[in-house]
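Working through the structure, step by step
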Amino acid sequence: MSNYRRSYVPGGVFFLTLVTYRRIPLFSDVENISRLRKAIAKMRTEKPFDITAAVVLPDHLHFIWSLPPDDSNYSMRVSRFKVLFTRSLRGKRSFSVDVSPSRRKHRESNVWQRRFWEHTIRNDHDLHRHIDYIHYNPVKHGLVSCPHLWEYSSFHKWVERGRYEPDWGCCCGRNLRQVLDFRDLEDFAGE
C-alpha cells in the first residue's frame with residue numbers, strides 16, 4: 001500500500017475525479033444522471049458545499065467543490081454521495097449483482113472504483129486551469145466536437161455568467177478547431 005496522504009484544507013477548493021467500476025458507462029443512461037443529481041442534492045443538504053464546476057461523462061465525473069470555511073472533509077462527502085447513488089440503483093437493471101468477494105468484504109458494489117482522485121486547488125490560475133479542463137473534457141474524450149454541445153456540464157452556467165464566450169474551445173461555424181492542451185493536469189484527473 002502506498003503512503004499517499006490526501007490534503008485536507010478547511011474551506012479548501014478541491015478538484016475531484018470519480019470513476020465507475022471497470023469504466024462501465026452508467027451515465028449514458030439519462031435516468032442514472034437524474035439519480036446522480038438527486039444523490040448530490042441529498043448529500044448537499046446533509047453537508048453543504050458549493051459546486052464550482054462539474055461534468056458528467058459516461059464513465060466518470062469531474063467536480064470542483066468548495067467547502068465551508070470550517071470544513072475540510074470532502075472524503076466523507078464523496079463516500080456519502082457514492083452510497084446514495086448506489087442505493088438509488090438497487091432493483092434497477094443497470095446494477096450488477098455479481099460482486100466479487102473482495103468488494104463484498106469492503107462493503108462495496110460494482111458501481112464505483114474503490115478510490116477517487118483529488119487535487120487541492122492552490123491559486124486562481126490553478127482553479128481556472130481545472131475549470132477549463134472540466135469543460136473541455138467531453139471534447140477530449142471525443143464525445144462532442146465543442147464544449148457547448150455537451151449537456152451534462154457546468155459550461156452553460158459559466159457562459160450565462162459571462163465567464164466564457166459561447167464559442168470557447170469550439171470548432172462550429174466559422175471557428176477554427178481549438179485544441180486545448182491539458183497534459184499537465186492529467187496526473188490529477190485519473191485519466
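What you see is a predicted model; the values in this text were computed from it and never measured. (Residues numbered from 1 in each chain as written. Predicted model: local features only at pLDDT ≥ 70, side-chain atom pairs only at ≥ 80, totals over all residues. Heavy atoms only, no water.)

1. Notes on the layout of surface pockets
Here is the rule we go by: Lining residues are defined by having an atom within 4 Å of a point belonging to a cavity or pocket. Those points lie on a 1 Å grid over the protein atoms alone, cavities being sets where a 1.4 Å probe fits but cannot get out and pockets being open sets with protein on both sides within 12 Å along at least five of seven lines. Grid points are joined across faces, edges and corners, and a volume is the space filled by probe spheres set on the points. Secondary structure counts use DSSP, requiring at least four H or I residues in a row for a helix and at least two E residues in a row for a strand, with both numbered from the N terminus.
Estimated volume of the second largest pocket: approximately 490 Å³. What lines the second largest pocket is a set of 19 residues, among which R37, I51, A54, S154 and K157 lie closest to the centre. Taken together, the elements giving at least two residues each to the lining of the second largest pocket come down to α1 (30-46), β2 (50-56) and α5 (155-160). Examining the composition of the lining of the second largest pocket, we find that 6 residues originate from one element, β2, more than from any other.

2. Quick notes on the sheet that holds β2
Quick reminder of the rule: The pairing criterion is simple: DSSP has to find at least two bridges between the two strands. A fitted line through C-alpha atoms serves as each axis, taken over the contacting stretch for helices, and the angle formed by two N-to-C directions is quoted from 0 to 180°. Contact between two residues is taken to exist if any of their heavy atoms lie within 4.5 Å; hydrogens are not considered.
What the 4 strands build is an open sheet, ordered β2-β3-β1-β4; its pairing is antiparallel. One side of each edge strand has no neighbouring strand; the edge strands of this open sheet are β2 and β4 (117-120). Adjacent strand axes in the sheet meet at a mean angle of 15° when their direction is disregarded. Taken together, the 4 bridges between strand β1 (residues 13-19) and β4 define a ladder with antiparallel strand orientation. Paired with T17 across the two strands is W117, which belongs to β4. In this fold α1 packs onto β2 and β3 (60-66), with an angle of close to 165° to the strand it touches most, β2. Lying over the sheet, helix α2 (residues 74-88) contacts β1, β3 and β4, oriented at roughly 30° with respect to β1.

3. Focus: the packing of α1 against α2
Spelled out, the test is: Reported orientations rely on four angle classes, namely roughly parallel under 35 degrees, roughly antiparallel over 145, roughly perpendicular from 65 to 115, and oblique for the rest. Crossing handedness is read from the near helix: turned anticlockwise from the far helix by less than a right angle, it gives a left-handed crossing, and turned clockwise, a right-handed one. Polar here means any residue outside two lists: the nonpolar Ala, Val, Leu, Ile, Met, Phe, Trp, Tyr, Cys and Pro, and the charged Asp, Glu, Lys and Arg; Gly therefore counts as polar.
It is the contact of α1 with α2, at a shortest axis distance of 9 Å, that shows an interaxial angle of 135°. In terms of their interaxial angle, α1 and α2 are classed as oblique. Between α1 and α2 lies a crossing whose hand is right-handed. Across from N32, R35, L36, A39, I40, K42, M43 and E46 in α1, the residues of α2 making contact are R77, R80, F81, L84, F85 and S88. Of the residues belonging to the contact of α1 with α2, the class tally is 7 nonpolar, 2 polar and 5 charged.

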